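Chain and residue survey
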Amino acid sequence: MPKTLPPAVVPTRRPIPWRHFSPAMLSPKRISPAVVITVMAVLTLVCITLFMTLGLRGNLSYALNLRGIRVGAMLVVAVAVGLSTLMFQTVTANRILTPSIMGFDALYILIQTALVFALGSSTLLTAAPGLKFGVEVGLMIVFSALLYRWLFTGGTGSLHLMLLVGIVIGTLFRGFSSLLQRLMEPSEYIVLQDLFFASFNQVEPLLLGISAIIVALVAAVVWKLRKSFDVLALGRETAINLGVDHQRIVTVVLVLCSILVAVSTALVGPVTFFGLLVVSLAYQMVRKFSHAALIPIVCLLGAITLIGGQLLLERVFGFATALSVIIEFAGGLLFLYLLLKGSLK
């Protein structure tokens, strides 16, 4: 007569006693990425809703249209800068490098200074926004594509060489800009100073629409390449051994980074350390460095930072300073912290 097996005992999960509870259990790295993305998406919608509705007076349609343009500009910049920094750090295998640190912002300032010096501030301010936007984007894409491809696709790149070239090129551009600024009229320089900081208050709706389309197309390509980014993060030799065409993928990634940063900078101005700040926080929110989770988290975190920060700046601090100044200050402190911590490898 066959023996009957005793029924399986299903262990019950006992609640954790409060004396064994630790705040580390609530760390984002112990939470599923899907939950983190959902929570951040809700926070983004809350920030947008509050920004669009708080303090509405007078002509509601005009106010909503104006605020909608500002929200759209912040969303475009958040996605563009966040994705470009994430891809750039994946390619360079370093957590402190960003496209802006490599001289991109210095090039933007040089372009603006040269245009004002050669054509005058009146010509620059009255020029067709689409033409000015196209010239700036085109020059920055050509420069960055040539520089980054030379640095990162020709054999094993040296991090010290990357930093040295970025610092030298940035210093060279700033030196030319400073020389031209000293030679121009004081009234011209006053007009030029307004272009040196990111501003979301004076964005052309047409340029915003063009930028949104470009960023959306690039973001779709980035999402399609998310698995390739996971392989690239393992290193050049490992990626090649796993069958990835390293040089082709890196070239595509660098072109995409160039387009995103050029569009963002030409639309609102330079934001040097914003990408470093957002991506560094995103890495702390995921258990695994999977780009399928990092990509949406970086975009949502960037949107929360810009929209929520602008909301606090307007409603709590009464426009005491510009949001870009606060972001640059916090990002600069983070950059120095990462250097002192030993992240430069």
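Residues numbered from 1 in each chain as written. Predicted model: local features only at pLDDT ≥ 70, side-chain atom pairs only at ≥ 80, totals over all residues. Heavy atoms only, no water.

Quick look at helix H13 (residues 291-315) now. Between its terminal C-alpha atoms H13 stretches 35 Å, which fits the 36 Å expected from 25 residues at 1.5 Å a residue. In terms of burial, H13 is largely enclosed, as 21 of its 25 residues are buried. (Helix = DSSP H or I, 4+ residues; strand = E, 2+ residues; numbered from the N terminus. Expected span 1.5 Å × (residues − 1). Buried < 20%, exposed > 50% of the residue type's maximum accessible area, 1.4 Å probe, protein only.)

Moving on, we come to empty space enclosed by the protein. Taken as a whole and judged by the stated rule, the model has one cavity of 30 Å³ or more. Counted as a void, the largest cavity has a volume near 70 Å³. What lines the largest cavity is simply Val81, Ser84, Thr85, Pro99, Ser100, Asp105, Val261, Ser264, Thr265, Gly269, Pro270 and Val271. Within the lining of the largest cavity, the residues separate by chemical class into five nonpolar, six polar and one charged. (1 Å grid on protein atoms, 1.4 Å probe; cavity = no way out; pocket = protein on both sides within 12 Å on 5 of 7 lines; lining within 4 Å. Points joined across faces, edges and corners; volume = space filled by probe spheres on them. Nonpolar A, V, L, I, M, F, W, Y, C, P; charged D, E, K, R; others polar.)

The next subject is the packing of helix H3 (residues 100-119) against helix H11 (residues 246-268). Where H3 contacts H11, the axes come no closer than 11 Å and their chain directions differ by 40°. When the interaxial angle is binned, H3 and H11 end up oblique. The hand of the H3/H11 crossing is right-handed. Contacts between H3 and H11 involve Phe104, Asp105 and Tyr108 from the first element and Ser258, Val261, Ala262, Thr265 and Ala266 from the second. Among the residues making up the contact of H3 with H11, the classes are represented as five nonpolar, two polar and one charged. (Axes fitted to C-alpha atoms, helices over the stretch in contact; angles between N-to-C directions. Parallel < 35°, antiparallel > 145°, perpendicular 65-115°, else oblique. Left-handed = near helix turned anticlockwise from the far one by under 90°. Contact = heavy atoms within 4.5 Å.)

It is worth spelling out the side chain of Ser177 at this point. Note on placement: Ser177 falls in helix H6 (residues 159-183). Ser177 gets classed as buried once you look at its relative accessible area, which sits at 2%. Looking at Ser177, its side chain comes within polar contact range of the main-chain nitrogen of Leu110, at 3.4 Å. The contact partners of Ser177, leaving out residues within four places of it in the chain, are Ala106, Ile109, Leu110 and Thr113. (Polar contact = N/O pair within 3.5 Å; in protein donor to acceptor, adjacent residues only side chain to side chain.)

A word on the packing of helix H8 (residues 205-224) against H11. Geometrically, a packed helix pair is captured by the angle between its two axes and the distance between the axes. Across the interface, H8 lies against H11 with an axial gap of 10 Å and an inter-helix angle of 160°. Accordingly, the angle class assigned to the pair H8 and H11 is roughly antiparallel. Between H8 and H11 lies a crossing whose hand is left-handed. Residues Leu207, Leu208, Ser211, Ile214, Val215, Val218, Val221 and Val222 of H8 form the contact with H11, whose participating residues are Leu256, Ile259, Leu260, Val263 and Leu267.

Turning to the nonpolar core, a few remarks are in order. Core analysis: the largest hydrophobic core is formed by 82 residues, its most contacted members being Met87, Met140, Val222, Leu267 and Leu306. When residues no more than four places from it in sequence are discounted, the contact partners of Val222 are Leu83, Met87, Phe229, Leu256 and Ile295. Listed in part, the five residues of the second largest apolar core include Val116, Leu124, Met184 and Phe196. (Core = buried A, V, L, I, M, F, W, Y, C linked by side-chain atoms within 4.5 Å.)

What follows deals with a nonpolar patch on the surface. Residues Phe117, Leu172, Phe176, Leu179 and Leu183 make up a contiguous nonpolar surface patch of roughly 500 Å² in combined accessible area. For the nonpolar patch, the element with the highest residue contribution is H6, accounting for four residues. Relative to the helices and strands, Phe117 is located in helix H3. Phe117 gets classed as partly exposed once you look at its relative accessible area, which sits at 39%. (Patch = residues over 30% accessible without salt bridge, like charges linked within 9 Å, V, L, I, M, F, W, Y side chains within 5 Å. Areas by Shrake-Rupley, 256 points an atom, 1.4 Å probe, with all protein chains shown as cover. Salt bridge = Lys/Arg side-chain N within 4 Å of Asp/Glu carboxyl O.)

Across the protein chain, pLDDT averages 77, with 79% of residues at or above 70. Taking the mean pLDDT of every element in the protein chain, the minimum, 69, falls on helix H14 (residues 323-341) and the maximum, 91, on H8. Between residues 15-25, whose pLDDT stays under 50, and residues either more than four places distant or in other chains, the model counts six contacts. (pLDDT = per-residue confidence, 0-100.)

Attention shifts here to the side chain of Thr85. Along the chain, the position of Thr85 falls in helix H2 (residues 60-92). For Thr85, a relative accessible area of 2% corresponds to the buried category. Ignoring sequence-local partners within four residues, the contact set of Thr85 consists of Thr98, Pro99, Gly275, Leu276 and Val279.

In this model, H2 (33 residues) spans 47 Å end to end at C-alpha, consistent with the 48 Å of a helix rising 1.5 Å per residue. The element H2 is extensively covered by neighbouring structure, given that 24 of its 33 residues are classed as buried. One or two positions beyond H2, positive phi appears at Ala93, with a value near 55°.

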